[in-house]
Amino acid sequence: GLHSIEDELNKALSALQAQKYQVAVIAAMKAGKSTFLNAMIGADILASESEACTVCRTDVRLLEAEQVPKLLEYRQGQRKPILISEGDTGKIRQDFLERTRAIRENNNSDNTTRFELWHSIDAISKYSSLAGFTLVDTPGPNEWQSAGFNTIALKQAALEALRTCNAILFVLDYSS
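Cut-off values and rules
Residues numbered from 1 in each chain as written. Predicted model: local features only at pLDDT ≥ 70, side-chain atom pairs only at ≥ 80, totals over all residues. Heavy atoms only, no water. Helix = DSSP H or I, 4+ residues; strand = E, 2+ residues; numbered from the N terminus. Buried < 20%, exposed > 50% of the residue type's maximum accessible area, 1.4 Å probe, protein only. Contact = heavy atoms within 4.5 Å. Salt bridge = Lys/Arg side-chain N within 4 Å of Asp/Glu carboxyl O. Patch = residues over 30% accessible without salt bridge, like charges linked within 9 Å, V, L, I, M, F, W, Y side chains within 5 Å. Areas by Shrake-Rupley, 256 points an atom, 1.4 Å probe, with all protein chains shown as cover.

Participant: In this structure, what is going on with the overall build of the protein? I would like to understand it.
Facilitator: Within the protein one finds 4 helices and 7 strands. Helices and strands appear in the protein in the N-to-C order α-β-α-β-β-β-α-β-β-α-β. Relative to its full complement of 176 residues, the protein shows a buried share of 43%. Considering only residue pairs separated by 6 or more positions, the protein has 75% of its internal contacts joining residues 24 or more positions apart.

Right under this line is the structure:
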């Protein structure tokens, strides 16, 4: 009832006051989600190719100008992330794509739960009030039907992001 609505409003107000915003971006595979996110970021860093690329949640966090871009991987049961790549955007993109392929090929035997990409986000970098902004890349609904890959984890990642993020951006097919 009203108590749950009040709780949700208080949660959103707290996030705004703390300047912590999470925006889940969801779209069907090949709808242009990675292209859109790369345009927001201002760099071609998120992998996109003819097959599904998003194997788990990827948090794109706003990096300050003097910091070095990096890609971290989090695994179930481990507190510390693993540094996958840092520095050059092209190298990060290539390492990210290779890691994504490896996760698909071994059916995520390492139990990767999410990635964290620290990078400038050109679309919001001028706004100090958005310093805590995070874009959350999620697996698309049609990626849940991938052959030879445990798609239950993909469903859980997308649904968890939808449940916990402050806003949801659903990208429709770019060609429509």
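Participant: Is there a simple way to explain the pattern of salt bridges in this structure?
Facilitator: It is possible for side chains of opposite charge to pair when their charged atoms get near one another. Following the criterion strictly, the structure yields 13 salt bridges and no others. With its nearest N and O atoms 3.0 Å apart, the salt bridge here joins Arg114 to Glu116. When salt bridges that share partners are traced, they join Arg57, Asp59, Arg61, Arg114 and Glu116 into one network.

Participant: Can you help me understand a nonpolar patch on the surface in this one?
Facilitator: Among the surface-exposed residues, Leu2, Ile5 and Leu9 lie close enough to one another that they form a single nonpolar patch of about 350 Å² accessible area. Considering the arrangement of structural elements, one finds Ile5 in helix H1 (residues 2-17). For Ile5, a relative accessible area of 49% gives the class partly exposed.

Participant: Help me out: how do you make sense of the environment of Gln76 in this one?
Facilitator: Within the element layout of this structure, Gln76 appears in the loop between strand S3 (70-75) and strand S4 (82-86). With 38 residues separating them along the chain, Gln76 and Arg114 place their C-alpha atoms 9.1 Å apart. When sequence neighbours within four positions are dropped, the list of residues in contact with Gln76 reads Asn111 and Thr113.

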